[in-house]
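Geometric and topological summary
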Amino acid sequence: MRFSDVCAAFLSAIVLLCALNTAAQVDTPDSQSPVIDPKQTEKAALGNILFNDASLSSPPGQSCATCHRPDMAFSDGKVVSEGANKSLGVRNTPSLMYAKFSTAFYYEEWRKTWVGGQFWDGRADTLAEQALGPLLNPIEMGNSRQTLAANLRNLSYQNLFVDIYGKDVLANDETLLNAAADALQTFQMTDTFAPFTSKFDYAQKGLVELTEQEKWGRKLYDTKASCIDCHAGMGDDKLLFTQFSYHNILTPVNVTLNNGIPDQGAANNPKLSEDERKLALGRFKTPTMRNVAKTAPYMHNGVFKTLREVVDYYNDVDDRKRWGPATFPETKSHMLRTKLDLTDEEIEALIAFLETLSDGYELPQNKATASQ
Ligand code: HEC
Ligand code: HEC
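Report on the accompanying structure. If you're wondering where the values come from, they're calculated on a predicted model, not measured in any experiment. (Residues numbered from 1 in each chain as written. Chains lettered and ligands numbered in written order. Predicted model: local features only at pLDDT ≥ 70, side-chain atom pairs only at ≥ 80, totals over all residues. Heavy atoms only, no water.)

Comments concerning the overall build of the protein chain
To keep it simple, the criterion reads: A run of H or I in DSSP counts as a helix once it spans at least four residues, and a run of E counts as a strand once it spans at least two, with each numbered from the N terminus. A simple rule labels every residue: compare its accessible area, found with a 1.4 Å probe on the protein chains alone, to the largest value its type can have, and call it buried under 20%, exposed over 50%, or partly exposed in between. The contact rule is simple, with two residues in contact once any of their heavy atoms fall within 4.5 Å.
Each helix and strand in the protein chain was counted, giving 14 helices and six strands. Burial analysis of the protein chain (372 residues in total) assigns 50% to the buried set. Pairs at least 24 residues apart make up 67% of the contacts formed inside the protein chain by residues separated by at least 6 positions.

Structure below.
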């Protein structure tokens with residue numbers, strides 16, 4: 001490598017590091033970044049820029065961050081997302097937090113269910129495979145493969161692609177698209193998307209104590225309310241509050257969407273055979289409970305507006321007069337209990353516990369130091 005190359009590489013690394021620092025929204029006081037390879041750091045920083053670049057949609061004006069907002073745990077607060085050309089999607093935008101822990105989509109014998117994958121139906125196996133989805137989706141960012149490659153080639157920072165992926169990266173459309181997908185994936189693998197900085201995490205470490213109500217809620221979560229049956233799972237030795245498994249919990253049809261035609265869920269996954277598809281009807285990937293207080297409205301179709309409504313639903317799933325018709329009752333999860341008999345106080349405690357799972361909790365001692 002020539003000296004000038006080294007200088008150029010060094011400079012762009014600094015630019016990238018600054019970009020990463022300013023754009024990282026989530027405070028990670030005690031975590032050690034798993035991204036130590038300088039190449040990985042550069043890729044993540046490029047991914048961050050791409051994630052926020054609204055010139056990449058057709059028509060321009062929409063970036064990943066338009067629908068995956070950092071201040072809303074990378075969801076968007078809408079019932080369903082709205083695309084670059086104002087067309088309405090049919091699914092609620094999920095949070096991207098902790099999505100990196102989802103493995104490739106597979107069938108787990110002992111649990112008799114599919115597990116893993118990206119999207120509500122698991123149809124992408126990796127974050128890189130996923131990333132091209134919205135960029136090329138006519139009702140999201142609206143590009144064709146060629147226009148997207150041409151857009152990437154015209155970016156003012158196209159040199160960053162060359163620095164990271166080599167000079168040939170711009171020559172071929174597919175190579176360039178794969179590089180963009182790789183950078184977006186690497187960004188989504190950083191601690192920004194998995195900070196583990198909730199009150200719950202700090203309580204696990206003994207840095208803060210949960211209130212009596214929150215502790216009661218946690219107990220209910222594991223016992224009477226049995227949320228833990230589906231919303232459990234571990235990543236980096238910490239609770240993820242999802243196993244990424246697929247269940248049909250009889251979510252009410254959102255009659256305002258898609259002419260009231262229910263979403264078939266995992267049955268849309270092209271990896272399944274005809275017979276498997278019948279069993280997968282109406283099953284959706286179980287979302288994490290981390291940051292759930294920030295990601296309303298809820299469910300794949302945004303049918304519930306508040307956490308209270310969600311818990312009321314689980315408390316009496318069979319009250320269809322109140323909830324409306326269930327999606328595909330024939331595939332109801334054998335793990336779903338349809339009557340929990342939670343009292344009002346118990347429901348409030350359960351919600352108080354769920355609220356401890358939001359990242360970015362400020363420890364009382366840090367708050368005190370900050371205000372001095
Ligand atoms: C128009 C709004 C919109 C835009 C723009 C958008 N997304 Fe999404 N995203 C969604 C919706 C809606 C889903 C769920 C779709 C589904 O399950 O079929 C989703 C799902 C995802 C998932 C899967 C998460 C999970 O837990 O299953 C990832 C990862 C993701 N998007 C990343 C991105 C990236 C990266 C970009 C930019 C290249 C992007 N999104 C742009 C709305 C959007
Ligand atoms: C049988 C498995 C199962 C059980 C038990 C279960 N859930 Fe769920 N949960 C799911 C699935 C699957 C979804 C997604 C369903 C959909 O989108 O239609 C979901 C969605 C949710 C959502 C919406 C999250 C979002 O981002 O949209 C919340 C909140 C939630 N569950 C809370 C709970 C609570 C609280 C309990 C205990 C009272 C519980 N769940 C019990 C499987 C389960």
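Observations regarding the site of ligand 2
Note the cut-off: In this text, near means that some heavy atom of the residue lies within 4 Å of the molecule or strand in question. In the analysis that follows, any N or O atom pair within 3.5 Å is treated as a polar contact, provided that within protein one partner can donate a hydrogen and the other can accept it, and provided that, for residues neighboring in sequence, both atoms belong to side chains. Each residue gets one of three labels, nonpolar for Ala, Val, Leu, Ile, Met, Phe, Trp, Tyr, Cys and Pro, charged for Asp, Glu, Lys and Arg, and polar for the others, Gly among them.
Taken together, 25 residues surround ligand 2, and among them Cys227, Cys230, His231, Thr251 and Tyr314 come closest. Within the contact set of ligand 2, a nitrogen atom lies 2.8 Å away from a side-chain nitrogen or oxygen of histidine 231. At 2.8 Å, a backbone N or O of methionine 299 approaches an oxygen atom of ligand 2. Of all the elements, helix H11 (residues 307-315) adds the most residues to the shell around ligand 2, at three residues. Considering only residue class, the shell around ligand 2 consists of 17 nonpolar, eight polar and no charged.

As for the site of ligand 1
Around ligand 1, the structure places 26 residues, and the nearest of them are Cys64, Cys67, His68, Phe119 and Lys285. Between ligand 1 and histidine 68 there is a distance of 2.9 Å, counted from a nitrogen atom to a side-chain nitrogen or oxygen. Examining the composition of the shell around ligand 1, we find that five residues originate from one element, helix H4 (residues 127-136), more than from any other. Across the shell around ligand 1, the residue classes tally to 12 nonpolar, nine polar and five charged.

Observations regarding the packing of aromatic side chains
Applied cut-off: Two rings from Phe, Tyr or Trp (for Trp, the six-membered ring) form a pair when their centres are within 6.5 Å of each other. A pair whose planes differ by under 30 degrees is stacked, one over 60 is edge-to-face, and the rest are tilted. Whether a charge sits over a ring comes down to the Lys NZ or Arg CZ being within 6 Å of the ring centre and within 35 degrees of the ring normal.
Going through the model one piece at a time under the given rule, you end up with 21 aromatic pairs. Between phenylalanine 51 and phenylalanine 74, the ring centres sit 5.9 Å apart and the planes meet at 80 degrees, which makes this aromatic pair edge-to-face. Highlighted residues: phenylalanine 51 in helix H2 (residues 38-51) and phenylalanine 74 in the loop between helix H3 (64-67) and strand E1 (106-108), separated in sequence by 23 residues. The two residues phenylalanine 51 and phenylalanine 74 agree in class, both being buried. Positioned above the aromatic ring of phenylalanine 119, the side-chain terminus of arginine 123 is 3.8 Å from the ring centre. A cation over an aromatic ring shows up here: lysine 238 above the ring of phenylalanine 196, its NZ or CZ 4.5 Å from the ring centre.

A word on the coordination of the iron atom of ligand 2
Where we set the bar: Metal-coordinating donors are taken as N, O and S atoms lying within 2.8 Å of the metal, or within 3.2 Å when the metal is Na, K or Ca; because water is left out, some sites can appear incomplete.
Looking at the iron atom of ligand 2, the protein donor atoms are His231 (NE2) and Tyr314 (OH), and they sit 1.9 to 2.1 Å from it. Judged by its relative accessible area of 9%, histidine 231 falls in the buried class. Judged by its relative accessible area of 23%, tyrosine 314 is partly exposed.

Overview of the pattern of salt bridges
Quick note on the threshold: Basic side-chain nitrogens of Lys or Arg form a salt bridge, by our definition, when they fall within 4 Å of a carboxyl oxygen of Asp or Glu.
Scanning the entire structure with this criterion turns up 23 salt bridges. The salt bridge partner of aspartate 275 is lysine 278, with a shortest N-O separation of 3.6 Å. Residue aspartate 275 and its partner lysine 278 are both found in helix H10 (residues 274-280); the two are separated by three residues, about one turn of the helix. Its relative accessible area of 55% is what places lysine 278 among the exposed residues. One salt-bridge network, in which partners are shared between bridges, spans Arg91, Asp121, Arg123 and Asp263.

A few points about H4
Most of H4 sits out of view: seven of its 10 residues are buried. Leu127, Ala128, Gln130, Ala131, Leu132, Pro134 and Leu135 are the residues of H4 that are buried. At its buried positions, H4 is contacted by helix H5 (145-153) and helix H7 (173-188).

Thoughts on the nonpolar core
The condition that has to hold: Residue types Ala, Val, Leu, Ile, Met, Phe, Trp, Tyr and Cys, when buried and joined through side-chain atoms within 4.5 Å, form a set referred to as a nonpolar core.
Formed by 40 residues in total, the largest nonpolar core has its most connected members in Leu46, Leu50, Phe51, Leu152 and Phe161. For this core, the secondary structure elements donating two or more residues are H2, H3, H4, H5, helix H6 (158-165) and H7. For phenylalanine 161, the residues in contact, after removing those within four places along its chain, are Leu46, Leu50, Leu152, Leu155, Gly166, Val169, Leu170, Leu176, Ala179 and Ala180.

Some points on the side chain of glutamine 130
Counting through the fold element by element, glutamine 130 comes out in helix H4. A relative accessible area of 15% places glutamine 130 in the buried class.

Remarks on the packing of H2 against H7
To keep things clear, this is the line we draw: Angles here are taken between N-to-C directions and fall from 0 to 180 degrees, while the axes themselves are lines fitted to C-alpha atoms, restricted in helices to the stretch in contact. Each angle is binned into one of four classes, with values under 35 degrees roughly parallel, values over 145 roughly antiparallel, values of 65 to 115 roughly perpendicular, and all other values oblique.
Axis separation between H2 and H7 bottoms out at 7 Å; the angle between their running directions is 100 degrees. Between H2 and H7, the angle is such that the two are roughly perpendicular. Only Ala180, Asp182, Ala183, Leu184, Thr186 and Phe187 of H7 make contact with H2, whose side of the interface consists of Gln40, Lys43, Ala44, Leu46, Gly47, Asn48, Leu50 and Phe51. Across the contact of H2 with H7, the residue classes break down as eight nonpolar, four polar and two charged.

Here we look at unusual backbone geometry
With an omega dihedral of -10 degrees, the bond running from serine 58 to proline 59 counts as a cis peptide bond. Of note, proline 59 is situated in the loop between H2 and H3. Even without being glycine, tyrosine 98 reaches a positive phi, approximately 70 degrees. Mapped onto the elements of the fold, tyrosine 98 is located in the loop between H3 and E1. Located in the positive-phi region is asparagine 258, a residue other than glycine, with phi close to 50 degrees. Here asparagine 258 shows up in the loop between strand E5 (246-247) and H10. Among the residues examined, asparagine 258 registers a relative accessible area of 43% and is labelled partly exposed.

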